[in-house]
Amino acid sequence: MKRLEEKAPAKVNLALHVTGRQDDGYHLLDSLVGFSSKGDRLIFEPAAVDGFTISGRFAPLLLEESGGENLVLRARDALRRMSEALGHAAPPVAIHLEKNLPLASGIGGGSADAAATLHGLQRLWQSSLSPERLMEIGLTLGADVPMCLAGKPLQAQGIGEHITPVADFPSFGLVLGNPLKPVSTPAIFKRLESRHNPPIGHLPRLGADQRTWIAFLQTLRNDLEPAARLLCPEIADLAALMAGTGALITRMSGSGATCFSLYATEDEAEKACAALLSARPDWYFSASTLMGSGD
Ligand code: C5P
């Protein structure tokens, strides 16, 4: 019997510019996105009936908040409908989610899980849908799902669906920190002071040098950060604490409250993470590698 595993890496918005708003209320973005080497994990196994189980540090919270409703199940159902419409069988499957990422935290946990479900079931069911078709299904599940399907350093525009891979992005040591206060994405978008900010635009040729990329990232912003700091005052303390560990750059990801810090190596990130955990054992910190274009 086949048993498949998929990683659902944390998404990091290295910069996120809000450049406009569509008539349907969704915001136009221009974002540089990378992915952690760590995240949630999903396991798929053929079964007599559909099943869904959850384990991991954030499983209890997920079960409490969603009562079993989950983007994983919506992704399964959407792919099944599409596969069957194209004449492919989509038999029952037991799905297990290891929920390691904090919820509603700006690093795409739910979107990463949905993307991993589409990849995993596409393999299990051998649905052979094109990457474009998978992206279309992904977008119906959430604006961040297409970028999580891509899973490589990229620039995302539109509401997140126009994706351009970024060449030469180097890997970095990465620390993700979260004060364990969920932040509602729609609430942050509602409180934006300005919805018409300059885009990131066409990327200059930066090569693969870490210092050049850090200097470039420092010219960019996360336009959601001021609104998130108002709604969640812990973000200011968290960002200051993380920046004090010798990080090359510290910034909030997505609509928060997770902040990221970059370091030259994963070893440095591990040391910073240990110091952060001993300063605030009540907060979430995790060290990993921010994957480069060639990883
Ligand atoms: O698509 P997703 O479910 O991830 O988005 C959650 C909410 O965030 C949307 O309902 C919308 O209020 C807001 N959002 C937005 N513009 C985007 C992405 C999300 O306004 N590009």
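A quick note: this is a predicted structure, and the numbers were derived from the prediction, not measured.

A few points about the UniProt feature "domain: GHMP kinase N-terminal" (unreviewed entry) in the chain
Then step 1. Residues annotated by UniProt as "domain: GHMP kinase N-terminal" (unreviewed entry) correspond here to residues 70–151.
Then step 2. Secondary structure content for residues 70–151 is 59% helix and 7% strand, while the C-alpha to C-alpha distance between its ends is 21 Å.

A look at helix H3 (residues 109–124)
Then step 1. Taking 1.5 Å as the rise per residue, H3 with 16 residues should run 22 Å; its terminal C-alpha atoms sit 22 Å apart, in good agreement.
Then step 2. Here H3 lies mainly inside the structure; 15 of its 16 residues are buried.
Then step 3. Two residues or fewer after H3 comes Gln126, characterised by a positive phi angle close to 45°.

Comments concerning the UniProt feature "binding site: ATP" (unreviewed entry) in the chain
Then step 1. What UniProt calls "binding site: ATP" (unreviewed entry) maps, in this numbering, to Pro102, Leu103, Ala104, Ser105, Gly106, Ile107, Gly108, Gly109, Gly110, Ser111 and Ala112.
Then step 2. On the secondary structure map, Leu103 appears in the loop between strand E4 (93–98) and H3.
Then step 3. When the 17 C-beta atoms within 10 Å are taken as the criterion, Leu103 is described as partly exposed.
Then step 4. Residues contacting Leu103, with those up to four places away along its chain left out, are Phe58, Leu61, Leu62, Glu65, Gly109 and Pro182.
Then step 5. Mapping Ile107 onto the fold places it in the loop between E4 and H3.
Then step 6. Judged by the 26 C-beta atoms lying within 10 Å of it, Ile107 falls in the buried class.
Then step 7. Discounting chain neighbours no more than four positions away, the residues touching Ile107 are Ala10, Lys11, Val12, Leu101, Leu176, Ser253, Gly254 and Thr258.

Focus: the domain arrangement of the chain
Then step 1. For the chain, the assigned domains are domain 1 (4–164) and domain 2 (167–290).
Then step 2. Between the C-alpha centres of domain 1 and domain 2 there is a distance of 22 Å.
Then step 3. Contact residues are listed per partner, giving 27 residues for domain 1 and 36 residues for domain 2.
Then step 4. Sorting the residues of the side of domain 1 that touches domain 2 by element identifies strand E1 (4–21) and strand E2 (27–46) as the ones contributing at least two each.
Then step 5. The class makeup of the residues in the side of domain 1 that touches domain 2 is 12 nonpolar, 12 polar and three charged.

What to know about the site of the ligand
Then step 1. Around the ligand, the structure places Tyr26, His27, Leu29, Gly142, Ala143, Asp144, Ile159, Gly160, Thr185, Pro186 and Phe189.
Then step 2. Going through the elements one at a time, E2 and helix H6 (185–190) are the ones with two or more residues in the shell around the ligand.
Then step 3. Grouping the amino acids of the shell around the ligand by side-chain chemistry returns six nonpolar, four polar and one charged.
Then step 4. Two domains each provide a minimum of three residues to the shell around the ligand, namely domain 1 (4–164) and domain 2 (167–290).

Digging into the environment of Leu262
Then step 1. With respect to the secondary-structure elements, Leu262 resides in strand E9 (residues 259–263).
Then step 2. By C-beta crowding, Leu262 is classed as buried, having 24 other C-beta atoms within 10 Å.
Then step 3. With 11 residues separating them along the chain, Leu262 and Arg251 place their C-alpha atoms 9.3 Å apart.
Then step 4. Dropping the residues within four chain positions of it, Leu262 is found in contact with Phe172, Gly173, Leu174, Ile214, Ala247, Leu248, Ile249 and Leu290.

Rules of the game
Residues numbered from 1 in each chain as written. Predicted model: local features only at pLDDT ≥ 70, side-chain atom pairs only at ≥ 80, totals over all residues. UniProt positions renumbered as here; feature names shortened; annotations may be inferred. Helix = DSSP H or I, 4+ residues; strand = E, 2+ residues; numbered from the N terminus. Expected span 1.5 Å × (residues − 1). Buried ≥ 20, exposed ≤ 12 C-beta atoms within 10 Å, placed from the backbone. Contact = placed C-beta atoms within 7 Å. Domains from an automatic or database assignment. Nonpolar A, V, L, I, M, F, W, Y, C, P; charged D, E, K, R; others polar. Near = placed C-beta within 6 Å.

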